[in-house]
Amino acid sequence: MTVPDQRVAQETELENLRAEVARLQTALDAAPAQPALPPPPPEKGGTLRWVGVGVLLALVALLAPTAIVATWVHDEIADTDRYVETVTPLAADPAVQNAVTTRVTDAIFTRLDVQAVTQDAVNALADQGLPPRATASLSALVTPLVNGIHGFVEDAVGKIIRSDQFQEAWVAANREAHAQMVAVLTGKTGGAIQVEGNTVSVNLAAVIDAVKTRLQDAGFALADKIPEVNAQFTIMQSADITKAQTAFRTLSALARALPIVALLLLAAAVALAPSRRKALVIGAFVVAASMVLLGAALNAFRIIYLDAVPPDRVPPAAAAAIYDQLVGFIRLNLRAVLVVFLAVALIAWLTGPWAPALAVRRATGRAVDTVRHGGERAGLNTGAFGVALYNMRTPLRAGVLGIAVLVYVMAAHPTGAFALTVLLVAGLVILLIELLARPPAADDVTGAQPSGA
């Protein structure tokens with residue numbers, strides 16, 4: 001058949017289709033109107049079931065942030081490597097370095113009483129029969145000499161604190177003190193980390209010994225008189241240390257159970273609801289909202305913590321650096337949970353029967369069809385492979401999402417960025433499947449030839 005004959009056959013078939021559509025429309029218009037179906041009766045006990053869903057989701061909202069905090073308590077304390085990894089950056093934090101430098105310098109000067117030693121030296125010179133004018137001049141030099149010695153010692157301390165030697169010592173000390181940190185929170189104190197009254201502090205004796213050696217090597221003879229000093233660097237001071245110890249023991253014991261219980265309660269709420277998809281959307285938003293509230297609570301408690309630590313013991317900048325470093329684990333995890341449950345809420349909503357969701361799905365389908373057909377016109381045809389993808393698209397979607405969930409669950413401590421990356425990769429894989437998939441009907445129409453070809 002020639003090309004003009006094919007075109008005529010196609011136009012004839014198109015006219016026949018239009019005539020058939022017109023006939024069906026006429027028959028539909030002539031048919032008697034059918035009465036509208038009454039709305040389905042409300043499900044029996046639906047209100048009571050939604051009340052139960054609300055109670056379960058309220059419990060989820062309480063347990064979800066508690067589970068994050070419990071995991072932090074258990075993992076940060078029980079895992080030595082993670083604890084050391086958390087506190088290691090503090091050795092390089094300028095605010096903490098300055099605070100430690102000041103604390104060590106003050107401890108040394110308190111023990112040496114440089115002011116008295118300098119005054120005694122000046123008095124000894126004056127007793128040698130110096131003229132009154134010379135004696136007065138020497139007395140006037142006491143304060144500058146003391147300040148000079150203070151600056152010399154502080155400079156030596158600062159060099160040690162800012163050196164790799166201090167960072168290595170900080171890591172080693174914290175690793176060795178890990179068991180003592182557990183002892184603090186279980187009420188069994190002693191060693192490098194101590195609790196006196198309402199104060200948690202770190203012993204700086206090892207740092208002072210290093211400073212003493214450095215000063216002796218620099219020819220500062222007065223360093224020989226530095227006694228053994230157990231200066232303390234305050235980490236936290238609060239009237240609630242006892243309560244914190246009780247909370248630690250409780251949360252550490254429940255760290256593994258709380259996340260499971262929270263997920264089971266969420267699943268129970270979805271199963272109980274008259275509309276499970278709607279309950280899943282609401283439940284996911286509840287968990288996400290609880291993560292936002294947890295973040296707000298951390299910010300509020302930061303203010304309480306900074307107020308609890310006296311500025312004369314730890315400057316506010318150093319106290320803030322310590323707090324932010326210690327709660328960093330909580331912030332990372334709450335962001336990860338926030339991203340995951342916002343994604344769950346979005347997916348559940350997009351696959352639901354609501355008009356906006358239907359509109360989004362139709363628009364997405366049209367966009368995918370446009371890209372697919374554009375590729376076909378350009379000669380990119382996936383053929384039988386595309387048809388197989390189309391027939392298997394539902395289990396493939398479920399498989400991709402299942403793998404994404406498995407990757408997230410298997411990660412030791414997933415962050416918000418990690419969760420978002422996993423979701424984006426899963427979304428791109430699903431989109432690629434949709435673009436490569438090829439409906440069988442479309443394949444038949446495209447490959448069909450007019451009769452007589």
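Cut-offs used in this document
Residues numbered from 1 in each chain as written. Predicted model: local features only at pLDDT ≥ 70, side-chain atom pairs only at ≥ 80, totals over all residues. Heavy atoms only, no water. Helix = DSSP H or I, 4+ residues; strand = E, 2+ residues; numbered from the N terminus. Buried < 20%, exposed > 50% of the residue type's maximum accessible area, 1.4 Å probe, protein only. Contact = heavy atoms within 4.5 Å. Areas by Shrake-Rupley, 256 points an atom, 1.4 Å probe, with all protein chains shown as cover. Salt bridge = Lys/Arg side-chain N within 4 Å of Asp/Glu carboxyl O. Phe/Tyr/Trp six-rings, centres within 6.5 Å; stacked < 30°, edge-to-face > 60°. Lys NZ or Arg CZ within 6 Å of the ring centre and 35° of its normal. Core = buried A, V, L, I, M, F, W, Y, C linked by side-chain atoms within 4.5 Å. Expected span 1.5 Å × (residues − 1). Arc of directions from axis to C-beta.

Draft legend 1. Region of the structure containing the overall build of the chain. A tally of helices and strands in the chain yields 20 helices and three strands. A burial count over the chain gives 33% of its 453 residues as buried. Taking contacts inside the chain between residues at least 6 apart in sequence as the whole, the part at least 24 apart equals 80%. Just so you have it, the chain exposes about 26000 Å², and 65% of that area is on carbon and sulfur atoms.

Draft legend 2. Main features of the pattern of salt bridges. On inspection of all chains with the given rule, the structure shows four salt bridges. A salt bridge links K159 to D155; the shortest N-O distance between them is 3.4 Å. Placement of the pair is K159 and D155 together in helix 7 (residues 142-161), with a separation of four residues, close to one helical turn. Relative accessible area serves as the criterion here: at 39%, D155 is assigned to the partly exposed category.

Draft legend 3. Here's a closer look at the packing of aromatic side chains. If you walk through the whole model with that rule in mind, you get two aromatic pairs. With 6.3 Å between their ring centres and 40 degrees between their planes, F301 and Y323 make a pair best called tilted. Remark: Y323 occurs in helix 14 (residues 316-326) and F301 occurs in helix 13 (residues 276-308); sequence separation between them is 22 residues. The partly exposed category is assigned to F301, whose relative accessible area is 41%. Take Y323: its relative accessible area is 5%, and that puts it in the buried class. An aromatic cluster is present here, built from F301, Y305 and Y323 joined pairwise through their rings. If you follow K278 out to its NZ or CZ, it ends over the ring of W50, 5.5 Å from the centre.

Draft legend 4. Structural view of the nonpolar core. Judged by nonpolar contacts, the single largest core of 61 residues is most densely connected at V104, I108 and V211. Ignoring sequence-local partners within four residues, the contact set of V104 consists of V157, L204, V207, I208 and V211. Within the second largest apolar cluster, seven residues are counted, among which are A67, V73, L251 and A255.

Draft legend 5. Spotlight on helix 12 (residues 257-272). When the terminal C-alpha atoms of helix 12 are compared, their 22 Å separation across 16 residues agrees well with the 22 Å that a helix rising 1.5 Å per residue should span. Among all positions of helix 12, only L258, A262, L265, L266, A269 and V270 are buried. In a view along the axis of helix 12, the buried residues occupy a sector of 140 degrees, so they form one face of it. Summarising the geometry of helix 12, the exposed residues directed more than 90 degrees from the buried face are I260, L263 and L264.

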